[in-house]
Amino acid sequence: MTQRSLELPVLHSRRVDHAAAAATFTRDVPRTDWHDDALWFVREKRDRAAATVADWEALRQQASSIKEHALSHLDEYLEQFEAQAVRNGMHVHWARDADEHNRIVHDVLEQAGARRMVKSKSMLTEECGLNPYLQSRGIEVIDTDLGERIVQLREEGPSHIVMPAIHLKREEVGDTFHEHLGTPAGLADPIALTRAAREHLRAKFLAADATLTGMNFAIAETGGFVVCTNEGNADLGMSLAPVHIASVGIEKVIPRAEDLPVFLRLLARSATGQALTVYTTHVHGPREGQALHVILVDNGRSRQLAREEFWTSLKCIRCGACMNTCPVYRRSGGHSYGSTVPGPIGSVLTPGLDLERYASLPFASTLCGSCTAVCPVKIDLDAQLYRWRQRVTQAGLSSTTKSVASKAGAQLLTRPRLFRLAGAFARFGLRRMPSRVIRLAAGPWAKTRDLPSAPSESFRSWYRHNRSAAGES
Amino acid sequence: MRVALFVPCYVDQFYPHVAIAALAVLERLGVSVEVPDGAACCGQPPANAGYAKQAQSTLDRFVDQYQRYDRVIVLSGSCAVHVKRHAGARVAECTTEFCCYLHDEIGVARVAALGASFNKRVAVHIGCHGLRGLGLAKPSELQAAPFDKVRVLLDAIRGVDVAELSRVDECCGFGGSFAVGEPDVSTKMGRDRLRDYRTHEAQAVVSTDMSCVMHLDGIARREQIGLPMYHIAELIAGTAASR
């Protein structure tokens, strides 16, 4: 589990270098194209699904407003949720951070004498590093979402929050299953592989003495929660195990049951282009004889809520649409972000956990704004990336060359005469210098791109000679 | 009405012919337009790289120079968005972009009356900021009635055949400092755009932003892909064919 433990939000740990990871990823061109196409396929499916909803844009606005209201009254709605959930027979725990969350899970399992836990997909537990925490204490944790199980067997983290194994080809899954589940060597048929996983997981479901699920929505009014999956694995887990733990980030609470359809209409369409996920499971209390524990996790969320520039990032419903649409994510892969949540939303959420470690993420974007336009809850992701960039440079965490060049540039640009002089030199240089020298000077630009051919005269100079009277002030 | 044309720094230095073409178009349309001599840049490149504070004086200088105009026509969607988002309300409101100005304020009939022609199959690249920040066209993400101001202007030029692309508004990968901070992804994005253009047999690329062109054309020339690239002003001015 080495790679997973790297994902723990440890302070002062190694800095993520997105550009370097992306350089490695793009070196395999056919694979980069394949990854890009796979995600673009999902983006197009999303477009078609969104087009079937008459008032899609109004629905986005409504979802955004509900979330902004809920986040503005988060304390009240969380307490209301807690009171109602307790009334429904659930045990409610509050976890300040990842450690506290993991400890609570462990305590619940200890008290129940549980040694084997099945988990449905929960990015929160990835964020908290729950698996290594429990495994090091002798508890077997099995991820039951197919994609999650694949990456767990490979000792990797998920590369996407909705499609955790989207970075893998079927042949690689076949190799992994051959190694761990004993499928025939070379078997790469998706249906056969899924059957093998199903049999393997069924045994784990039946043997489990606890299950852990996430939540897509916690409803303050009813004290119930909703879990959306496509594989039914959350349902099987919670229907069989005597202990059910449901972990949720505190931002997932919505005020009323009648708010739910707004989000359900948006979530699966945005995520995978489905009208709804195959299973939309409503939980309003434990089964007869079952213990149901809810853990409300902060882990940096209230700090993000307090940040005026970034609090709306907590509106996120984790659909992953911003990843599918992001031209950078599609060509650099989820692992290049070095955080549980990759892509545009990850680059807005994670710097808040550890600015130094994730300083490169706000720069892993062209600020094209496609993420903002696709987001079902209208988070202004590109604007927040821009604002994180300001924070990163103000904290002195920008890479040196970029910082020197930009400062010099800023000085130059405020002084028109100096700028023009520099421009003239550059143009002179471009015309007279051997191309090899120019390539070296222009560094990363000229590695793959020619510089513009230098004109003999700038526009300003031309204008002075041809329209002098009109423009002078 | 006092109208100014703002020529961004890189257009001034590398693409003077684009600014000359834009000026010619405006003058032929009877717009009395000035190009004040004071401000070289709006400050976007350093601001997007995280140095908005350091770039503030550059933006202030821009505001200082252009606040006496009723209309500021920016020859770049990207710079126009930066000014609209970060300058004071007065200048922000007066600021527009070249295609927006022609479409919204001059009207396509008068543009058509200029009688330009360009007999080529063209791939259109609308810079992302002009697209999503200024609303030059309906972004593919949004569910709304389709519109495309750039296409409307191109349709006013005789002979232009617009290639239908696989990805109508995918970013080219320039992104200012992104082009040098993330050169690998940036280049890959550019190559993918070029592939889309060539797959659909485009003979030329027409853009609203020369910054995107600087990147796309830089890759095309390095890889010896013969695909001439123009700002739309050059087509309307009738100077593209001769370049």
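Residues numbered from 1 in each chain as written. Chains lettered and ligands numbered in written order. Predicted model: local features only at pLDDT ≥ 70, side-chain atom pairs only at ≥ 80, totals over all residues.

1. Brief notes about the overall build of chain A
Reasoning step 1: A count of helical and extended segments in chain A gives 24 helices and 10 strands.
Reasoning step 2: In chain A, buried positions account for 51% of the 473 residues. (Helix = DSSP H or I, 4+ residues; strand = E, 2+ residues; numbered from the N terminus. Buried ≥ 20, exposed ≤ 12 C-beta atoms within 10 Å, placed from the backbone.)

2. Description of the overall build of chain B
Reasoning step 1: Scanning chain B from N- to C-terminus turns up 14 helices and 8 strands.
Reasoning step 2: Expected size for 243 residues packed as a compact globule is a radius of gyration near 18 Å; at 17 Å, chain B falls within 12% of this value.
Reasoning step 3: Structurally, chain B occupies a C-alpha span of about 45 × 45 × 40 Å along its principal axes.
Reasoning step 4: Long-range contacts, defined here as pairs at least 24 residues apart, represent 72% of the contacts in chain B between residues at least 6 apart. (Rg over C-alpha atoms; globule rule 2.2 N^0.38 Å. Contact = placed C-beta atoms within 7 Å.)

3. Some points on helix 4 (residues 56-72) of chain A
Reasoning step 1: For helix 4 of chain A, with 17 residues, the first-to-last C-alpha span of 24 Å sits near the 24 Å given by 1.5 Å per residue.
Reasoning step 2: Buried residues along helix 4 of chain A sit in contact with helix 3 (29-51), helix 5 (74-87), strand 8 (253-254), helix 13 (260-272) and helix 14 (301-306) of chain A. (Expected span 1.5 Å × (residues − 1).)

4. Points about the domain arrangement of chain B
Residues and elements named next belong to chain B.
Reasoning step 1: Examined at the domain level, chain B breaks down into domain 1 (3-106) and domain 2 (116-237).
Reasoning step 2: Its C-alpha centre places domain 1 at a distance of 20 Å from the equivalent point of domain 2.
Reasoning step 3: Counting residues at the interface gives 23 residues for domain 1 and 23 residues for domain 2.
Reasoning step 4: Every element with two or more residues in the side of domain 1 that touches domain 2 is listed here: helix 1 (9-14), helix 2 (16-28), helix 3 (44-48), helix 5 (77-86) and helix 7 (98-106).
Reasoning step 5: Here the residues of the side of domain 1 that touches domain 2 sort into 17 nonpolar, 5 polar and 1 charged. (Domains from an automatic or database assignment. Nonpolar A, V, L, I, M, F, W, Y, C, P; charged D, E, K, R; others polar.)

5. Thoughts on the interface of chain A and chain B
Reasoning step 1: Listed by partner, the interface residues are 63 residues for chain A and 62 residues for chain B.
Reasoning step 2: The element that contributes the greatest number of residues to the side of chain A that touches chain B is helix 20 (residues 400-414) of chain A, accounting for 7 residues.

6. Section: the confidence of the model for chain A
Reasoning step 1: In the predicted model, chain A carries a mean pLDDT of 92, and the fraction of residues at 70 or more is 88%.
Reasoning step 2: Predicted confidence for residues 1-12 of chain A stays below pLDDT 50, and this span has 25 contacts to residues more than four positions away or in other chains. (pLDDT = per-residue confidence, 0-100.)

7. Side note on the environment of Val86 of chain A
Reasoning step 1: Counting through the fold element by element, Val86 of chain A comes out in helix 5.
Reasoning step 2: Along the primary structure Val86 of chain A and His293 of chain A are separated by 207 residues, whereas in three dimensions their C-alpha atoms are 9.8 Å apart.

8. A word on the packing of helix 4 of chain A against helix 13 of chain A
Residue and element names in this part refer to chain A.
Reasoning step 1: Put simply, helix 4 and helix 13 touch, their axes get as near as 10 Å, and they point 120° apart. If you check the angle between helix 4 and helix 13, you find them oblique. Seen along the crossing, helix 4 lies across helix 13 with a hand that is left-handed. Contacts between helix 4 and helix 13 involve Leu59, Arg60, Gln62, Ala63 and Ile66 from the former and Val262, Phe263, Arg265 and Leu266 from the latter.
Reasoning step 2: For the contact of helix 4 with helix 13, the residue count by class is 6 nonpolar, 1 polar and 2 charged. (Axes fitted to C-alpha atoms, helices over the stretch in contact; angles between N-to-C directions. Parallel < 35°, antiparallel > 145°, perpendicular 65-115°, else oblique. Left-handed = near helix turned anticlockwise from the far one by under 90°.)

9. Focus on helix 13 (residues 210-222) of chain B
Residues three or four positions apart in an α-helix share a direction because the helix packs 3.6 residues into each turn.
All names here are of chain B.
Reasoning step 1: In this model, helix 13 (13 residues) spans 17 Å end to end at C-alpha, consistent with the 18 Å of a helix rising 1.5 Å per residue.
Reasoning step 2: Along helix 13, 11 of the 13 residues are buried, which leaves the element largely enclosed by surrounding structure.
Reasoning step 3: Among all positions of helix 13, only Met210, Ser211, Cys212, Val213, Met214, His215, Leu216, Asp217, Gly218, Ile219 and Ala220 are buried.
Reasoning step 4: Among the residues trailing helix 13, Gln224 stands out with phi positive, at a value near 55°.

10. Section: the environment of Asp104 of chain B
Reasoning step 1: Along the chain, Asp104 of chain B falls in helix 7.
Reasoning step 2: The spacing of Asp104 of chain B and Ala204 of chain B is 100 residues in sequence and 26 Å in space, taken between C-alpha atoms.

11. Considering the sheet that holds strand 5 (residues 217-219) of chain A
Residue and element names in this part refer to chain A.
Reasoning step 1: Pairing is mixed in the open sheet, where 4 strands are placed in the order 8-5-6-9. Only two strands of the sheet have a single neighbouring strand rather than two, namely strand 8 and strand 9 (279-283).
Reasoning step 2: Sheet analysis places strand 5 next to strand 8, joined by 2 bridges and oriented parallel. Directly across from Ala218, in strand 8, lies its bridge partner Val253. (Pairing = 2+ DSSP bridges.)

12. Section: unusual backbone geometry
Reasoning step 1: For Asn299 of chain A, which is not glycine, the phi torsion reads 40° and is therefore positive.
Reasoning step 2: Looking at where Asn299 of chain A falls in the secondary structure, it is placed in the loop between strand 10 (291-297) and helix 14.
Reasoning step 3: A positive phi is found at Glu201 of chain B, a non-glycine position, where the angle reads about 55°.
Reasoning step 4: Its location among the elements puts Glu201 of chain B in the loop between helix 12 (183-199) and strand 7 (204-207).

13. A short note on the packing of helix 12 of chain B against helix 13 of chain B
Residue and element names in this part refer to chain B.
Reasoning step 1: Two elements in contact, helix 12 and helix 13, have axes separated by 9 Å at closest approach and are oriented at 80°. By the angle class used here, helix 12 and helix 13 are roughly perpendicular. Between helix 12 and helix 13, the contacting residues are Thr187, Gly190, Arg191, Arg193 and Leu194 on the first element and His215, Leu216, Ile219 and Ala220 on the second.
Reasoning step 2: Along the lines of polarity and charge, the residues of the contact of helix 12 with helix 13 split into 4 nonpolar, 3 polar and 2 charged.

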